[in-house]
Amino acid sequence: MAPGSREFIKSAMQHLLIVSHTPSANTRSMTQAVCDGASHSDISGIELKLCRPLETGPQEVLWADGILLGTTENFGYMSGAMKDFFDRIYYPCLEQTQSLPYGLFIRAGNDGLGARSSIERIVTGLAWKEVQPALICRGHWQESFLGQCEELGMTMAAGMEAGVF
């Protein structure tokens, strides 16, 4: 296998890593909804690992066949914890995770665009492949955010299981 190649022999289980910053009850609920979607009873070929950004290193990213990233919008940027995660995994994962499928969900008090663009710049450098548009849950808390997060997790897991990404 060439360096940076995401080709692999299909195993029984695909590995989905969820790295999410959850400083509030609402962001914990969103992350739980993503996990619930990814572990839906109709999906059986996915092994799921949920990690906090400050506790996640290159070994978890190298384990993953796909990754979902969750962050809050802080001052128009990703959370400091998510930035720390990228700082620590960038060079160790740069050559080995190219084309890693990823999705992104953001809890934004404002528009979420600064958080999204800052993450997109980094994952572009990593050559990860966005497989779903970023989910930005803006403004005042809405219960509908949970359904959107669950759908994001389910779509990612089902796509990985089916070999679509």
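Here is a short report on the structure shown in this document. As the structure is a prediction and not an experimental result, all values here were calculated from the model. Numbering of residues starts from 1 in each chain and follows the order in which that chain's sequence is written. With the structure being a predicted model, the display of local features is reserved for residues of pLDDT at least 70 and the display and counting of side-chain atom pairs for 80 or more, all residues being used for whole-chain, interface and lining totals. The side-chain figures draw on all heavy atoms in the structure; neither hydrogens nor water molecules are used.

## Examining the overall build of the chain
Part 1: To qualify as a helix, a DSSP run of H or I must reach at least 4 residues; to qualify as a strand, a run of E must reach at least 2; elements of each kind are numbered from the N terminus. Broken down by element type, the chain carries five helices and seven strands.
Part 2: Here the globule rule is a power law, 2.2 Å times the number of residues to the power 0.38, and the radius of gyration is based on C-alpha atoms. On C-alpha atoms alone, the chain measures out to a radius of gyration of 15 Å, which is about the 15 Å that the 2.2 N^0.38 rule sets for 165 residues.
Part 3: Along the first, second and third principal axes, the C-alpha atoms of the chain reach 45 × 35 × 25 Å.
Part 4: Any residue under 20% of the maximum accessible area for its type is buried, any over 50% is exposed, and the rest in between are partly exposed; the area is computed with a 1.4 Å probe on protein chains only. Within the chain, buried positions represent 47% of all 165 residues.
Part 5: It only takes one pair of heavy atoms within 4.5 Å for two residues to be counted as in contact. Counted over contacts in the chain with a minimum sequence separation of 6, partners at least 24 positions apart contribute 82%.
Part 6: Looking at the chain as shown, the accessible area adds up to about 7900 Å², and 53% of this sits on carbon and sulfur atoms. Surface accessibility in these figures is a Shrake-Rupley result with a 1.4 Å probe; residues are shielded only by whichever protein chains are displayed.

## Regarding helix α3 (residues 80-93)
Part 1: One fewer than the residue count of a helix, multiplied by 1.5 Å, yields its expected span. In a regular helix each residue adds 1.5 Å, so 14 residues correspond to 20 Å; α3 covers 20 Å between its end C-alpha atoms and thus fits that length.
Part 2: Of all the positions in α3, only Ala81, Met82, Phe85, Phe86, Ile89, Tyr90 and Cys93 are classed as buried.

## Notes on the pattern of salt bridges
Part 1: Put simply, a salt bridge is a Lys or Arg side-chain nitrogen that is within 4 Å of an Asp or Glu carboxyl oxygen. Throughout the structure, instances matching the rule amount to four salt bridges.
Part 2: A salt bridge links Asp87 to Lys83; the shortest N-O distance between them is 2.5 Å. With Asp87 and Lys83 both in helix α3 and four residues apart, the pair spans about one turn of that helix.
Part 3: One salt bridge in this structure joins Glu120 and Arg116, with 3.5 Å as the shortest N-O distance. Placement of both Glu120 and Arg116 in helix α4 (residues 113-126) is noted, with a separation of four residues, approximately one turn of the helix.

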